[in-house]
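Listed below, chain by chain, are the residues.
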Amino acid sequence: MSAPVSGTVAAGPAETAAVVGPVGRLGRFTATHVRATLAGWLVVGLLLGFFAPRVETALSGAGWEASGSQSVQARAQIDRHFGGLSGYGLMVVVHSGTRTAGDPAFRATIGRVERALRADPAVADVLAPAPGVSLSRDGRTAIVQAGAGRDSNAMVAAADKLKGRLAALSTPGARGVQVHLTGAAGMWSDFNAANRSAMLKSEVISWPVTLGIMVLAFGSLVAAGLPLMLTMVGLLAAAGSLFLVTQVLAVSIWAMNFALMFALALGIDYALFVVMRFRGALFGSRERPVEAVAETMDTAGKAVLFSGVTVLISLTAVMLVPSPAFRSMALGIMLAVIFVLAATLTLLPAVLAKLGPRVDKLALPWVHSGEHRSARFAAWGERLWRRPYAYGALALGLLVALALPVLGLKTAMPSIKVVPTGDASRIGYAQVQRAFGPGAVGPLQIVVPRTQAASVARLVAADPGVAQTLPVQPGSGGLALVTAIPRQDPSSTAVGATIDRLRAQLPPGALLGGAVAENHDLQQALSAKTPLVIGVVLGLGFLLLLVALQAPLIAAAGVLTNLLATAAAFGVARLIFQGGALHSLLGFQPQGFLDAWGPVFFFAMIFAISMDYTVFLLSSAKEHWDRSQDPHEAMVGGLAHSGRVIFAAGAVMVAVFFTFALSGPLPPKEMGIILGIAVLLDAALVRLLLVPVLLRLMGRWAWYLPRWAHRLLPDVRFGHA
């Protein structure tokens, strides 16, 4: 049993309400107005839950572009003036190993493909295969092109509907004719479907593991159900909100997947921290349920609030990337965070007050109610206090060794290798490359005034990175389209160099686009914005920790150790995904680089989750420092009171993230491995080892606050008055 927390009052009928801050008063209000709180959340759940089931069909499959880039401008011009034959037009490959285009069965299949495409309202125009352009020399591979009659998201949706119908047009047998939908729209359609399937599989695997760890962490089935309540409330409200947002702007289908992940992660983290503190106050300090809730929210609730704001700040920085997919994914996560945070600060304290001692119903036999201070983590803290240099050097050495490979990290937009080998877009992709050359699947499209078309075509044809230029295509508005076939595969860095070289030579007003150019422009935008995003996240994270802890040195240490753990995770990612280590075990084909969205998006996600543990540990240490002014008590007591929560929450997150490494295509594996390793390193080596050692070595200086800063900062305390 833990000793009563300083400042609490004895239980009894005449108990006087303790003085608490705003978060504590909010907790007391919800605890004394349980019915009103539950009714309010029921209304929110019913209103947003009505829209939630519709969100899956309303989300978009594209948006992987750099808004305002030259390639996006070129696509708009091509869609308007050239029958929609832009990068998001549909490309259908008709192929036979034995028949040729002159064969009646082959011609009949092409005719059925053309009719199926013309019947779709998303198709603006259909181009039949043309010799020397879209019909191979041997006549065994033909490409039917369909112009985009709608935006990129609608064209991916059209590909979702059409790919099954088109595949059904294939004729069986050795002399049969195959039909496969490929191109950008087909690839994103297959990519999204594979990822959706992988995420669902991972969720099915992770839920039993998560429930098992939560039961062990909370010690009772009733308490273990509280994170699920927060997760479901947050996810239901976020899904309904996302549907409403889709009525105004396009939201990536990935937004819902990441919202689910963060709702689960934060629901577990916040419930663990709050429920552990509540049980300590209720059973350990023997307070009435209402006052136990008030004390809990005045301490743990305040830490949760700062943690949630830090998570939101980290994700807000992703909005700096000028890409609809990135911004909508960040928005989806932020909505989930907002609702989980709101439920933690209002719904959870109301439920805890209602449950009271029943929070430990169906408890495991070895659970000790009210054991808020962990004897094991207190002993671990004492060990670190006695030998800080040995343990600190070990943790720092491991993190630095793992982080060093990040210096050679390469990034690029995903290649066709992220699509499963049996999907239509990948099969069609390979057939086009064999028939027309490696660059045929990623043509460069150059929109120029018709008067400049001939000179631009000669300039492009002379470039060493161009294998072939197609006949100039006249369009409306006095424009012409020059199409160039690169010599290399679209994922090659040489194609990016060709794009940059051509743009430098093209006359003013010329626009170079195409699907491969859109990927190139997005990669450039990501590379340009990544330092800014990292800088904003680190800077705002430091400011928030400074406000919360009133201690600049330990706030800076918290941020820098987060950065070190993140670098170590990406160092491991370079060895696995760029170098190919463990690729056979994990079941993927290495691309030779990390997907370009990884550094910016995964960094923000890792930093957000890591700051949870940072706030939990350091707010607990700050509480002990404010009460005792003793560095030893701050370090050991902070670790004793938060270590079990960090360990349990970290174990759940590692288990959840690593399940994504077991399923589906490459991007979920990247996400699962990088986030899982980051949480493992952060919880095990940083929060439970390196940061306590830094508190030991800094001593009183860890909590030093200059007088001028004291005048500027608000007075924030985590100790219960």
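Residues numbered from 1 in each chain as written. Predicted model: local features only at pLDDT ≥ 70, side-chain atom pairs only at ≥ 80, totals over all residues. Heavy atoms only, no water.

## Some words on the overall build of the protein
Link 1 in the chain: When its secondary structure is counted, the protein shows 24 helices and 11 strands.
Link 2 in the chain: Over its C-alpha atoms the protein spans a radius of gyration of 29 Å, differing by no more than 12% from the 27 Å that the globule rule assigns to 721 residues.
Link 3 in the chain: Seen through its C-alpha atoms, the protein measures out along the principal axes to roughly 95 × 50 × 45 Å.
Link 4 in the chain: Expressed as a percentage of its 721 residues, the buried residues of the protein come to 60%. (Helix = DSSP H or I, 4+ residues; strand = E, 2+ residues; numbered from the N terminus. Rg over C-alpha atoms; globule rule 2.2 N^0.38 Å. Buried < 20%, exposed > 50% of the residue type's maximum accessible area, 1.4 Å probe, protein only.)

## Comments concerning the packing of aromatic side chains
Link 1 in the chain: Applying the stated criterion across every chain yields a total of 21 aromatic pairs.
Link 2 in the chain: With 5.6 Å between their ring centres and 50° between their planes, Trp-254 and Phe-258 make a pair best called tilted. Highlighted residues: Trp-254 and Phe-258, both in helix 9 (residues 254–284), separated by 4 residues, approximately one helical turn.
Link 3 in the chain: With relative accessibility at 7%, the residue Trp-254 sits in the buried group.
Link 4 in the chain: We classify Phe-258 as buried; its relative accessible area is 1%. (Phe/Tyr/Trp six-rings, centres within 6.5 Å; stacked < 30°, edge-to-face > 60°.)

## What to know about helix 1 (residues 22–32)
Link 1 in the chain: Of the positions making up helix 1, those classed as buried are Val-23, Gly-24, Gly-27, Arg-28, Thr-30 and Ala-31. Summarising the axial view, the buried residues of helix 1 lie within an arc of 165°, below the 170-degree limit, and thus occupy one face.
Link 2 in the chain: In this structure, the buried side of helix 1 is in contact with helix 2 (34–51), helix 10 (289–318), helix 11 (324–345) and helix 12 (347–355). (Arc of directions from axis to C-beta. Contact = heavy atoms within 4.5 Å.)

## Some remarks on the nonpolar core
Link 1 in the chain: Of all hydrophobic cores here, the largest spans 224 residues; its most connected members are Leu-90, Leu-117 and Phe-601.
Link 2 in the chain: At 24 residues, helix 9 tops the list of elements feeding residues into this core.
Link 3 in the chain: Aside from chain neighbours lying at most four places away, what touches Leu-90 is Leu-117, Val-123, Val-144, Gln-145, Ala-146, Met-155, Ala-159, Leu-162, Leu-181 and Ala-185.
Link 4 in the chain: Membership of the second largest hydrophobic core comes to 19 residues, among which are Ala-453, Val-456, Val-466 and Ala-510. (Core = buried A, V, L, I, M, F, W, Y, C linked by side-chain atoms within 4.5 Å.)

## Focus on the packing of helix 19 (residues 552–578) against helix 21 (residues 598–628)
Link 1 in the chain: Running from N to C, helix 19 and helix 21 cross one another at 135°; their axes reach a closest spacing of 9 Å. In this view, helix 19 runs oblique relative to helix 21, as classed from their interaxial angle. Helix 21 is crossed by helix 19, and the crossing has right-handed handedness. For the pair formed by helix 19 and helix 21, the contact residues are Ile-554, Gly-558, Val-559, Asn-562, Leu-563, Thr-566 and Phe-570 on the first element and Gly-598, Pro-599, Phe-602, Phe-603, Ile-606, Phe-607, Ser-610, Met-611, Thr-614 and Leu-618 on the second. (Axes fitted to C-alpha atoms, helices over the stretch in contact; angles between N-to-C directions. Parallel < 35°, antiparallel > 145°, perpendicular 65-115°, else oblique. Left-handed = near helix turned anticlockwise from the far one by under 90°.)

## Describing unusual backbone geometry
Link 1 in the chain: The phi angle at Gln-550 is positive, at roughly 60°, despite the residue not being glycine.
Link 2 in the chain: Notably, Leu-582 is not glycine yet its phi reads approximately 65°, a positive angle.
Link 3 in the chain: Of note, Leu-582 is situated in the loop between helix 19 and helix 20 (583–586).

## A few points about helix 9
Link 1 in the chain: Taking 1.5 Å as the rise per residue, helix 9 with 31 residues should run 45 Å; its terminal C-alpha atoms sit 44 Å apart, in good agreement.
Link 2 in the chain: Most of helix 9 sits out of view: 31 of its 31 residues are buried.
Link 3 in the chain: Residue Arg-286 follows helix 9 closely and has a positive phi angle near 55°. (Expected span 1.5 Å × (residues − 1).)

## Observations regarding the side chain of Ser-642
Link 1 in the chain: Mapped onto the elements of the fold, Ser-642 is located in helix 22 (residues 631–659).
Link 2 in the chain: Each residue touching Ser-642, except ones within four places of it in the same chain, is listed here: Phe-273, Phe-616, Leu-617 and Ser-620.

## Looking at the pattern of salt bridges
Link 1 in the chain: According to the stated counting rule, one finds 15 salt bridges in the structure shown.
Link 2 in the chain: Residue Asp-682 is joined to Arg-687 by a salt bridge in which the shortest nitrogen-to-oxygen separation is 3.0 Å.
Link 3 in the chain: Look at Asp-682 and you get buried, because its relative accessible area is 0%.
Link 4 in the chain: Its relative accessible area of 0% is what places Arg-687 among the buried residues.
Link 5 in the chain: Three or more residues joined by partner-sharing salt bridges are found here, namely Arg-277, Glu-295, Glu-623 and Arg-627. (Salt bridge = Lys/Arg side-chain N within 4 Å of Asp/Glu carboxyl O.)

## Focus: the sheet that holds strand 2 (residues 123–127)
Link 1 in the chain: Here we have 4 strands laid out as an open sheet, ordered 2-3-1-4, and antiparallel in their pairing. Each edge of the sheet is formed by a strand with only one pairing partner; in this case those strands are strand 2 and strand 4 (178–182). When the angles between neighbouring strand axes are averaged without regard to direction, this sheet yields 20°.
Link 2 in the chain: Relative to strand 4, helix 6 (residues 152–167) is tilted by about 170°, and along the sheet it contacts strand 1 (90–95), strand 3 (141–148) and strand 4.
Link 3 in the chain: Against the sheet, helix 7 (residues 183–218) engages strand 1 and strand 4, with an angle of about 90° to strand 4. (Pairing = 2+ DSSP bridges.)

## Things to note about the confidence of the model for the protein
Link 1 in the chain: A residue-level look at the protein finds 96% of positions with pLDDT of 70 or above and a mean pLDDT of 89.
Link 2 in the chain: Overall, residues 1–14 carries pLDDT values under 50, and its contacts beyond four positions in sequence, including any with other chains, amount to 25 contacts. (pLDDT = per-residue confidence, 0-100.)

## Quick look at empty space enclosed by the protein
Link 1 in the chain: One pass over the structure, following the stated rule, counts 3 cavities of 30 Å³ or more.
Link 2 in the chain: Estimates place the volume of the second largest cavity at around 60 Å³.
Link 3 in the chain: Mapped by element, the contributors of at least two residues to the lining of the second largest cavity are helix 7 and helix 9.
Link 4 in the chain: Here the residues of the lining of the second largest cavity sort into 7 nonpolar, 2 polar and 1 charged. (1 Å grid on protein atoms, 1.4 Å probe; cavity = no way out; pocket = protein on both sides within 12 Å on 5 of 7 lines; lining within 4 Å. Points joined across faces, edges and corners; volume = space filled by probe spheres on them. Nonpolar A, V, L, I, M, F, W, Y, C, P; charged D, E, K, R; others polar.)

## Quick word on the packing of helix 9 against helix 21
Link 1 in the chain: Between helix 9 and helix 21, the least distance of the axes is 12 Å, while the angle of their chain directions is 5°. By the angle between their directions, the pair helix 9 and helix 21 is classed as roughly parallel. For the pair helix 9 and helix 21, the contacting residues are Phe-258, Met-261, Phe-262, Leu-266, Asp-269, Tyr-270, Phe-273 and Arg-277 in the first and Phe-601, Met-605, Ala-608, Ile-609, Asp-612, Tyr-613, Phe-616, Ser-619 and Glu-623 in the second.
Link 2 in the chain: Per-class residue counts for the contact of helix 9 with helix 21 are 12 nonpolar, 1 polar and 4 charged.

## Some remarks on a positive patch on the surface
Link 1 in the chain: Residues Arg-35, Lys-354, Arg-358 and Lys-361 make up a contiguous surface patch of positive charge.
Link 2 in the chain: Looking at the element boundaries, Lys-354 is found in helix 12. (Patch = residues over 30% accessible without salt bridge, like charges linked within 9 Å, V, L, I, M, F, W, Y side chains within 5 Å. Areas by Shrake-Rupley, 256 points an atom, 1.4 Å probe, with all protein chains shown as cover. Lys, Arg positive; Asp, Glu negative; His and termini not counted. Charge placed at Lys NZ, Arg CZ, Asp CG, Glu CD.)

## With respect to the environment of Ala-142
Link 1 in the chain: Summarising the element assignment, Ala-142 is placed in strand 3.
Link 2 in the chain: Linking Ala-142 and Arg-717, residues 575 residues apart in sequence, is a C-alpha distance of 71 Å.
Link 3 in the chain: Ignoring any residue separated from it by four or fewer positions in sequence, one finds Ala-142 in contact with Val-92, Val-93, Val-94, Phe-106, Ile-110, Pro-129, Ser-134 and Leu-135.

## Topic: the environment of Thr-451
Link 1 in the chain: Tracing the sequence through the fold places Thr-451 in the loop between strand 6 (444–449) and helix 16 (453–461).
Link 2 in the chain: A C-alpha to C-alpha distance of 30 Å links Thr-451 and Gln-488, two positions 37 residues apart in sequence.

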